[in-house]
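One-letter residues, chain by chain:
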Amino acid sequence: MSDSRKAELERKKAKLQAIREEKERRKREKEAKDAEDVSSRSIKTEKDLRAETEEMLADLGILPHGELLSSLPSTNSDLSITTTDSFFQSSSISSTKFLPKKRVTSLSVVNVQQTNIPPKEQVTYNKQTQTASTANEREAQPLDYYVLVYDDIAGDDDETSLPTLNTSPPTLSSKMTGMPHVEMVKPALTNVEVAGIKLEEKQPEPLELSEEEKHRIVVSPNFQRFFERSSRVIERALYEDCNIFIDYGGVDGEEKEGDDKSGIKLSLNRYFYDEHWSKNRTVTCFDWSTLYPELLVASYDHSEDSPHDPEGVALVWNTKFKKTTPEYIFHCQSPIMSTTFAKFHPSLIIGGTYSGQIVLWDNRSNKRTPIQRSPLSSNAHTHPIYCVTVVGTQNAHNIVSISTDGKLCTWSLDMLSQPQDTMELQHKQAKAVAVTSMTFPSGDVNNFVVGSEEGMVYAACRHGSKAGVTDFFEGHQGPITSVDTHCAHGQFNFSHLFLTSSFDWTVKLWSLKESKPLYSFEDYGDYVYDVRWSPTHPALFATVDGSGRLDIWNLNNDTEAPTASVCIKGNPALNRVSWSQSGHQVIAGDNMGKIWVYDVGEQLANPKIDDWSKLVHTIQEIGRASCRERV
């Protein structure tokens, strides 16, 4: 089809070239003919003028030029008349000899001014106007092109279509000729379009597959990857809910009753729940992706209602899109007690299990089961792992895990067959520390703090001459459920501050510089399962308890009661709490498998300029009050 199109274009180009040459030939012939007509008209005009002049002279009684010369004497025959003035003078003299004197005619000599008048300009018009004349130029045009042509008048040349002065104006006939009209021309097609047309024309009939062939395609790895990726994209699009009628002019900007997101309240945004994978499973741990801040991984304990399902489940949720299903689903045969994203490998997820194994998942793989796992041996963990984290830098980082028997292991992501280093945490070289929680101060990879089942808090280090437990903090009357060090960065360094929660219904504020708690928050009526500092506000932290209450505390405002509080519907026990990296959302997980996402009001989440100095003053006041109580 492309060759025929090119041949047609070549024929049109040749035809146009022939028309142009014919017009040029006619134009040259016309110019030559006009030149001859002008010269003949000039000669005829000169003769007519001479005859008219002689007739006028004869009326005045003056002989014509020929007769006058014949009547002159022979002696005067050699005279040369060079100018018109001398001719008139001689004529006037001789006329007096032959004509009767009826009247006196006075003649005078005048100067005749000669004027050259150019011939009338011949205006010609081209009857055809069109756009790109070459195939390349036409293909460069994105739209259709048109050709403007004139109807030819039979028997007329190109230039004779205009009326002359000697002819009468043309009359309008029933069918006008010589008028332009537009003809639509099919546009040139690109190679891709031509190939598409050919493909449509030669499209074979669909091949009917057998059931065995269909099944083979469905279970193929390529189809599985395509289907999983496409289904996630479609789910995101279907669940996206945006207000297209929003008025940015402020007409609809009045706050509705109960909407206090810009204030200091908590408002429910959504919750994550999967009927199959998270139903009746206790949420055991949270972690956020450092590369994709919207991704949240949550680990779950076993479900007594689903004995045939895997005991441990890790789900990756997306807080950016309104889809109700997890992005990724991972599981293993032991309950997952802790989980974290591999900080410098965003596609890897690490889990610590109840059986004492470290497991590793990869979201680039189609497998939902771990791609690596540590062995169950005396060289590694043999007790539940409630704490696992990644410490170090991009070029030198390790997995640090600790189990309830006080054994701390350091792992490499490349090899989980055995730990690189191990250490037994013991207090006074006598009793192993039953660790339930662990945290590293901001920017520190060596020193860390752990909470234990006996209610003690221990400070320890991984390397050096004092490796192991270096200090202890006593104050709680029950097992410690969580410990968290201050992580907000600002004008002052508060990394020595840390919070603990316990089964004794309290939350305590500590300093690594003091062996006793700085303050005890006792506004609770149930077990406090978790506590977390805000990543952006220096004085803000969140707690959850067994009665389904989520509290937000601001040390600069009040230390006796939380600044904002909300009770989850149904009062499930809240086991875990976490802040988003922006500090504008707080996440709480319960014992029924639901994850509740709350928006924190801007006035509460965003720190003010003086909040850092206010916290310094608050800590000093709390310290002085604590000293007075001890005295």
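The rules we used
- Residues numbered from 1 in each chain as written.
- Predicted model: local features only at pLDDT ≥ 70, side-chain atom pairs only at ≥ 80, totals over all residues.
- Heavy atoms only, no water.
- Helix = DSSP H or I, 4+ residues; strand = E, 2+ residues; numbered from the N terminus.
- Buried < 20%, exposed > 50% of the residue type's maximum accessible area, 1.4 Å probe, protein only.
- Contact = heavy atoms within 4.5 Å.
- Areas by Shrake-Rupley, 256 points an atom, 1.4 Å probe, with all protein chains shown as cover.
- Pairing = 2+ DSSP bridges.
- Axes fitted to C-alpha atoms, helices over the stretch in contact; angles between N-to-C directions.
- Phe/Tyr/Trp six-rings, centres within 6.5 Å; stacked < 30°, edge-to-face > 60°.
- Core = buried A, V, L, I, M, F, W, Y, C linked by side-chain atoms within 4.5 Å.
- Salt bridge = Lys/Arg side-chain N within 4 Å of Asp/Glu carboxyl O.
- Patch = residues over 30% accessible without salt bridge, like charges linked within 9 Å, V, L, I, M, F, W, Y side chains within 5 Å.

A look at the overall build of the protein chain
Reasoning step 1: When its secondary structure is counted, the protein chain shows 9 helices and 33 strands.
Reasoning step 2: Scored against the burial criterion, the 631 residues of the protein chain give a buried share of 37%.
Reasoning step 3: In the protein chain, once contacts between residues fewer than 6 apart in sequence are set aside, the share between residues at least 24 apart is 53%.
Reasoning step 4: Carbon together with sulfur atoms contributes 52% to the accessible area of the protein chain, which is approximately 38300 Å² in total.

Thoughts on the sheet that holds strand E26 (residues 519-521)
Reasoning step 1: In space, the 4 strands of this open sheet follow the order E23-E24-E25-E26, with antiparallel pairing throughout. Edge positions in the sheet fall to strand E23 (480-485) and E26, since each has one partner strand and no second. Each strand of the sheet is rotated relative to its neighbour by a mean of 20 degrees, with strand direction disregarded.
Reasoning step 2: One ladder, built from 3 bridges, connects strand E25 (residues 507-511) with E26; its direction is antiparallel. Paired with Leu 509 across the two strands is Tyr 519, which belongs to E26.

Description of the packing of aromatic side chains
Reasoning step 1: On inspection of all chains with the given rule, the structure shows 21 aromatic pairs.
Reasoning step 2: Ring geometry for Phe 503 and Tyr 529: centres 5.9 Å apart, planes at 80 degrees, overall edge-to-face. Here the residue Phe 503 occupies a position in the loop between strand E24 (497-502) and E25, and Tyr 529 occupies one in strand E27 (residues 528-533), the gap between them amounting to 26 residues.
Reasoning step 3: Among the residues examined, Phe 503 registers a relative accessible area of 31% and is labelled partly exposed.
Reasoning step 4: Taking the centre distance of 4.9 Å and the plane angle of 65 degrees together, the rings of Tyr 519 and Phe 521 count as edge-to-face. Both residues of the pair, Tyr 519 and Phe 521, belong to the buried class.
Reasoning step 5: An aromatic cluster is defined as three or more aromatic residues linked by ring pairs; in this entry it consists of Tyr 519, Phe 521, Tyr 524, Trp 533, Phe 541 and Trp 553.

Considerations on the side chain of Ser 403
Reasoning step 1: Residue position: Ser 403 is located in strand E14 (residues 397-403).
Reasoning step 2: Residue Ser 403 is classed as buried on the basis of its relative accessible area of 0%.

Side note on the nonpolar core
Reasoning step 1: Grouped together as the largest cluster of nonpolar side chains are 21 residues, with contacts concentrated most on Leu 499, Val 507, Leu 509, Phe 521, Trp 533, Phe 541 and Leu 555.
Reasoning step 2: Of all the elements in the fold, those that place two or more residues in this core are E24, E25, E26, E27 and helix H9 (611-630).
Reasoning step 3: Looking at this core element by element, the count peaks at 4 residues for H9.
Reasoning step 4: Core analysis: the second largest hydrophobic core is formed by 19 residues, Ala 542, Leu 550, Val 566 and Ala 588 among them.

What about unusual backbone geometry?
Reasoning step 1: Positive phi is not limited to glycine here, since Trp 505 has a value of about 70 degrees.
Reasoning step 2: Take Trp 505: it is sitting in the loop between E24 and E25.
Reasoning step 3: Judged by its relative accessible area of 39%, Trp 505 is partly exposed.

A few points about the environment of Thr 353
Reasoning step 1: Along the chain, Thr 353 falls in strand E10 (residues 348-353).
Reasoning step 2: Judged by relative accessible area, which is 1%, Thr 353 ranks as buried.
Reasoning step 3: Note: C-alpha distance between Thr 353 and Pro 335 (18 residues apart in sequence) is 5.6 Å.
Reasoning step 4: The contacts of Thr 353, once residues within four sequence positions are left out, are Cys 332, Ser 334, Pro 335, Ile 336, Met 337, Val 359, Pro 384 and Ile 385.

Digging into the pairing of E27
Reasoning step 1: Pairing geometry for E27 and strand E28 (residues 540-545), over 5 bridges, is antiparallel. The partner of Asp 530 across the bridge, within E28, is Val 544.

Some thoughts on the sheet that holds strand E31 (residues 574-579)
Reasoning step 1: Taken in spatial order, the 4 strands of this open sheet run E4-E33-E32-E31, and their pairing is antiparallel. Edge positions in the sheet fall to strand E4 (266-272) and E31, since each has one partner strand and no second. Here the strands of the sheet are splayed against their neighbours by 25 degrees on average, with no regard to which way each runs.
Reasoning step 2: Relative to strand E33 (residues 595-600), strand E32 (residues 585-590) runs antiparallel, the two sharing 5 bridges. Bridge pairing in E33 places Val 586 opposite Tyr 598.

Regarding the pattern of salt bridges
Reasoning step 1: Evaluation of the coordinates by the stated rule reveals 15 salt bridges.
Reasoning step 2: Of the charged contacts in the structure, one is a salt bridge between Glu 8 and Arg 5, with a shortest N-O distance of 3.8 Å. One end of the pair is Glu 8 and the other is Arg 5, both in helix H1 (residues 2-59) and 3 residues apart, which spans about a single turn.
Reasoning step 3: Take Glu 8: its relative accessible area is 30%, and that puts it in the partly exposed class.
Reasoning step 4: Among the charged side chains, a network of salt bridges with common partners joins Glu 22, Arg 25, Arg 26 and Glu 29.

Some remarks on a nonpolar patch on the surface
Reasoning step 1: Together, Leu 207, Leu 209 and Ile 217 make up an exposed nonpolar region whose accessible area comes to about 290 Å².
Reasoning step 2: Note that Leu 209 resides in the loop between helix H5 (191-201) and helix H6 (211-218).

As for the pairing of strand E30 (residues 564-567)
Reasoning step 1: Here E30 shows one buried face, formed by Ala 564 and Val 566, and one open face, formed by Ser 565 and Cys 567.
Reasoning step 2: Pairing between strand E29 (residues 549-554) and E30: 4 bridges, direction antiparallel. Counted as the bridge partner of Asp 551 is Ser 565 from E30.

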